[in-house]
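Coordinate analysis (summary)
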Amino acid sequence: MVFREQYGEHYDQLMYCGDYHPYRRHGEKNPNFNAYSGFLLDLKENQAGAVERFRQFLEGLLAPDIPVAIVPSHDPAKTTSGLRTLGEMLAASDRIDAASCLVRTMKIDKLATGGDRSIQVHLNSIVVQNVQLIQGRDVVLLDDITTSGNSLEACRQLLMKAGAARVQKLALAKTA
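Residues numbered from 1 in each chain as written. Predicted model: local features only at pLDDT ≥ 70, side-chain atom pairs only at ≥ 80, totals over all residues. Heavy atoms only, no water.

1. Details of the overall build of the protein
A tally of regular secondary structure across the protein gives 5 helices and 10 strands. Its C-alpha atoms put the protein at 50 × 35 × 30 Å along the principal axes. A burial count over the protein gives 43% of its 176 residues as buried. The long-range share in the protein, meaning contacts at least 24 apart out of those at least 6 apart in sequence, stands at 76%. Carbon and sulfur atoms make up 48% of the accessible area of the protein, which amounts to about 8600 Å² in all. The average position of the 20 basic charges and that of the 20 acidic charges among the side chains of the protein differ by 4 Å. (Helix = DSSP H or I, 4+ residues; strand = E, 2+ residues; numbered from the N terminus. Buried < 20%, exposed > 50% of the residue type's maximum accessible area, 1.4 Å probe, protein only. Contact = heavy atoms within 4.5 Å. Areas by Shrake-Rupley, 256 points an atom, 1.4 Å probe, with all protein chains shown as cover. Lys, Arg positive; Asp, Glu negative; His and termini not counted. Charge placed at Lys NZ, Arg CZ, Asp CG, Glu CD.)

Okay, here's the thing in structure tokens:
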């Protein structure tokens, strides 16, 4: 169980916390861009206030004693991110830090700028390490923003193949 009891289990579906409205649409400022979308961009920049805001929100949702894994960056050289910081902070509160489990082995084109969103591109460029952290356990898999859900699904498949009992996909936002 990855969520505290009052929230129930939803392993068969992608869960997300809100809608993301990109700052620009078709080269112009998006009139739907809002504060929540701004906090997501701040998280992507690893700004402490945004990381703490999302930590506080997720702290009440997530059960203790679960591994917290994250979808890796498109660039394996990028080892720090707001999402990774968030995962590490959540793990510091009676959870297992599984942020090191999913590792991108080769750089892919950034999805937000037109990169290939297929599941296969992720399956071909991500490996699972430190499997002892997730084997036989229910895992929460975090992503900051999802559009197609394919990076989350590829990572779920990889974690399951590596021995996770169940994987709950959780994005902080879905592109609206």
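2. Examining the packing of aromatic side chains
For the structure shown, the criterion picks out 2 aromatic pairs. Measuring from ring centre to ring centre gives 5.0 Å for Tyr23 and Phe33, while their planes differ by 85°; the resulting arrangement is edge-to-face. On the criterion of sequence distance, the pair formed by Tyr23 in the loop between β2 (19–20) and β3 (24–25) and Phe33 in the loop between β4 (28–29) and α1 (35–44) is long-range, its members being 10 residues apart. The partly exposed category is assigned to Tyr23, whose relative accessible area is 35%. Taking 5.8 Å as the distance between ring centres and 75° as the angle between the ring planes, the aromatic pair formed by Tyr36 and Phe54 counts as edge-to-face. Of this pair, Tyr36 sits in helix α1 while Phe54 is found in helix α2 (residues 48–59), placing the two residues 18 residues apart along the sequence. (Phe/Tyr/Trp six-rings, centres within 6.5 Å; stacked < 30°, edge-to-face > 60°.)

3. Looking at the pattern of salt bridges
Evaluation of the coordinates by the stated rule reveals 9 salt bridges. Across the pair Lys169 and Glu153 runs a salt bridge, and its minimum N-O distance is 2.9 Å. With Lys169 in strand β10 (residues 166–175) and Glu153 in helix α5 (residues 150–161), the pair connects residues that are 16 residues apart, well separated along the chain. We note that Lys169, like Glu153, is buried. It is possible to trace a salt-bridge network through shared partners that takes in Glu52, Arg55, Glu59 and Arg95. (Salt bridge = Lys/Arg side-chain N within 4 Å of Asp/Glu carboxyl O.)

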